[in-house]
Amino acid sequence: MAMAMMIRNAAASRRAMTPISGDFGGGLRSMSSWWKSVEPAPKDPILGVTEAFLADPSPDKVNVGVGAYRDDNGKPVVLDCVREAERRLAGSTFMEYLPMGGSAKMVDLTLKLAYGDDSEFIKDKRIAAIQTLSGTGACRLFADFQKRFCPGSQIYIPVPTWSNHHNIWRDAEVPQKTYHYYHPETKGLDFSALMDDVKNAPDGSFFLLHACAHNPTGVDPTEEQWREISQLFKAKGHFAFFDMAYQGFASGDPARDAKSIRIFLEDGHHIGISQSYAKNMGLYGQRVGCLSVLCEDAKQAVSVKSQLQQLARPMYSNPPLHGAQLVSTILEDPELKSLWLKEVKVMADRIIGMRTTLRESLEKLGSPLSWEHVTKQIGMFCYSGLTPEQVDRLTSEYHIYMTRNGRISMAGVTTGNVGYLANAIHEVTKSS
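Quick caveat, the model's predicted, so the values are computed rather than measured.

A. Structural view of the overall build of the protein chain. When helices and strands are tallied, the protein chain shows 17 helices and 15 strands. C-alpha atoms of the protein chain, sized along the principal axes, occupy 100 × 60 × 55 Å. A total of 432 residues make up the protein chain; the buried ones form 51% of that total. The long-range share in the protein chain, meaning contacts at least 24 apart out of those at least 6 apart in sequence, stands at 75%. With an accessible surface of roughly 21000 Å², the protein chain has 54% of that area assigned to carbon and sulfur atoms. Separation between the mean location of the 47 positive side-chain charges and that of the 48 negative ones in the protein chain comes to 7 Å.

Here it is in C-alpha cells:
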C-alpha cells in the first residue's frame, strides 16, 4: 500500500515538472517555444564595422569607423587630467547610491559649460537638470519626457543624423519627421532647404539640432546661419533640443562650440540640451552625461526635474558614481580644468591636422575630384561622399573599414596610415 502511494506521488511530481502549454494569442505553445519567433537583430551599422575589422587578419587593415579618439599611433588615450583625477579618488571609500538626479555637483559644473559660467538662468535656478547615462541616455529621457507631457507632438530630425537618434525617439514612441540638412552635391549645408522645412513645420514643433560637429557630416551652420535659424524658430514657436556630444572636440574651444546654444539663449528660447563627456574627456565607458531643460521660472524647473527623475527611476534608478566624480574633480579644480582645456585642444588640433594631410595627399595623387569638403567640415567625422559601393571596395580590396554611408572617423587617421588611406580612396574614386 505504501509502495503504491509512493508510485502515485512520483507520477504526480513528474507531471508537475512537465512543461505545460499556455494560451497566448489564441494558440497553444509549449514552454520550450517561448522565444521561437525571435529573429536575430540586424547588426548596428556602426558597431558592426568594428566587429568586421577585428575579425580581419590583414596586417594592413585600417579602422576609420570607430567614433572614439585615437592618438597618432592609433591607440586609445587616457587624458592626463583624468589620470590625476583617478589618483585623487583612489582612496575614496564612498560607494553609496547617487540620488535619482545624480551628482548635483557634476550637474552644476556641466551646466556652466553649456549655459556659461555667469549664466542668469543658472543663478535664477530656471534649469531642470539631471545626470544621465551619457548623451544617449539624455536623449532617451528627453524623448520619454516629450512623449509623456506633449503626447501629440512629433520630432523633426535632420537628414542625415546619428543613426541612434531614430532608434531613441522610435522606442519612446514619438513620431518622427525629417528636415533637410546635408547637400550631397556641395557636401555642405543645404541651408535654404533647411529653412524651408523649419518654416513649413507646424507651429510649436520639436526639432533635434546638433550643437556642433554634426554627426555624421561634420557640417555646421555658420554663426550668421545659426542666428537666422534661431529667429525663424522664434517666429514659429518651435522647441529646440540640442544634442551636444562634441563640445570642445570640434574647434578645441568649448565656449566656441557652444555658440549655437548661446545664440538661442540670447534670443529668449526655452531649450533642451543633451551633454556628454565621452568624447571631450575620453570617458567613453563611464557613461557620464547631463540632460537639461530651460524653464519659465524656478518653480517650473523643480516640477520638470521631478518628472525627469521619475522617468529615470524605472529605467535605471540612478546613474553611476565614478564617472561623475571624475568630471567633478576635473572641472572644480582650476589647474585640472586648465589641463583638460589644453588636452581637448590637442585632440581637436590633431584631427584638424589629419584633415589637411588627407586632402593634400589626395590632391597630390592627381584626384580629379574636389576634396575641399574634407577641410571645411569639422569634428570627429568627415562625410567623404564615397558611395556604398566604393566603401565596399575599400574594405574588400584594401581592408579599410568605415560605415557604408562614407563617414570617415578622422580620429582613426594617423600619419602612419593617411597615405595608404588616400591612395585607396583615390583608386576607388578616380573613375568617378
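That covers the picture; the talk isn't over yet.
B. Representation of the UniProt feature "domain: Aminotransferase class I/classII large" (unreviewed entry) in the protein chain in the model. UniProt records the feature "domain: Aminotransferase class I/classII large" (unreviewed entry) at residues 60-425, using the numbering of this structure. Helix makes up 47% of residues 60-425 and strand 15%, and the two end C-alpha atoms of the span are 15 Å apart.

C. Spotlight on the packing of aromatic side chains. Across all of its chains, the model carries 20 aromatic pairs by this definition. On the numbers, 6.0 Å between centres and 80° between planes, the contact of Tyr-69 with Phe-249 is edge-to-face. Of this pair, Tyr-69 sits in the loop between β3 (62-63) and α3 (80-89) while Phe-249 sits in the loop between β10 (239-244) and α10 (254-257), and the two are 180 residues apart along the sequence. Per residue, the accessibility class of Tyr-69 equals that of Phe-249, and both read buried. Residues Phe-142 and Phe-239 carry aromatic rings whose centres are separated by 5.7 Å and whose planes lie at 10° to one another, so their mutual orientation is stacked. Here Phe-142, found in helix α6 (residues 134-149), pairs with Phe-239, found in strand β10; they are 97 residues apart in sequence, far enough to count as distant. Note on accessibility: Phe-142 and Phe-239 belong to one class, buried. An aromatic cluster is defined as three or more aromatic residues linked by ring pairs; in this entry it consists of Phe-142, Phe-145, Phe-149, Trp-169, Phe-206, Phe-239 and Phe-241.

D. Representation of the packing of α6 against helix α7 (residues 163-171). Packing of α6 against α7 leaves a shortest axis separation of 8 Å and a crossing angle of 35°. Note on packing geometry: the crossing formed by α6 with α7 is right-handed. On α7, the residues that touch Thr-136, Cys-139, Arg-140, Phe-142, Ala-143 and Gln-146 of α6 are Asn-164, His-165, Ile-168, Trp-169 and Asp-171.

Reading guide: rules and limits
- Residues numbered from 1 in each chain as written.
- Predicted model: local features only at pLDDT ≥ 70, side-chain atom pairs only at ≥ 80, totals over all residues.
- Heavy atoms only, no water.
- Helix = DSSP H or I, 4+ residues; strand = E, 2+ residues; numbered from the N terminus.
- Buried < 20%, exposed > 50% of the residue type's maximum accessible area, 1.4 Å probe, protein only.
- Contact = heavy atoms within 4.5 Å.
- Areas by Shrake-Rupley, 256 points an atom, 1.4 Å probe, with all protein chains shown as cover.
- Lys, Arg positive; Asp, Glu negative; His and termini not counted.
- Charge placed at Lys NZ, Arg CZ, Asp CG, Glu CD.
- UniProt positions renumbered as here; feature names shortened; annotations may be inferred.
- Phe/Tyr/Trp six-rings, centres within 6.5 Å; stacked < 30°, edge-to-face > 60°.
- Axes fitted to C-alpha atoms, helices over the stretch in contact; angles between N-to-C directions.
- Left-handed = near helix turned anticlockwise from the far one by under 90°.

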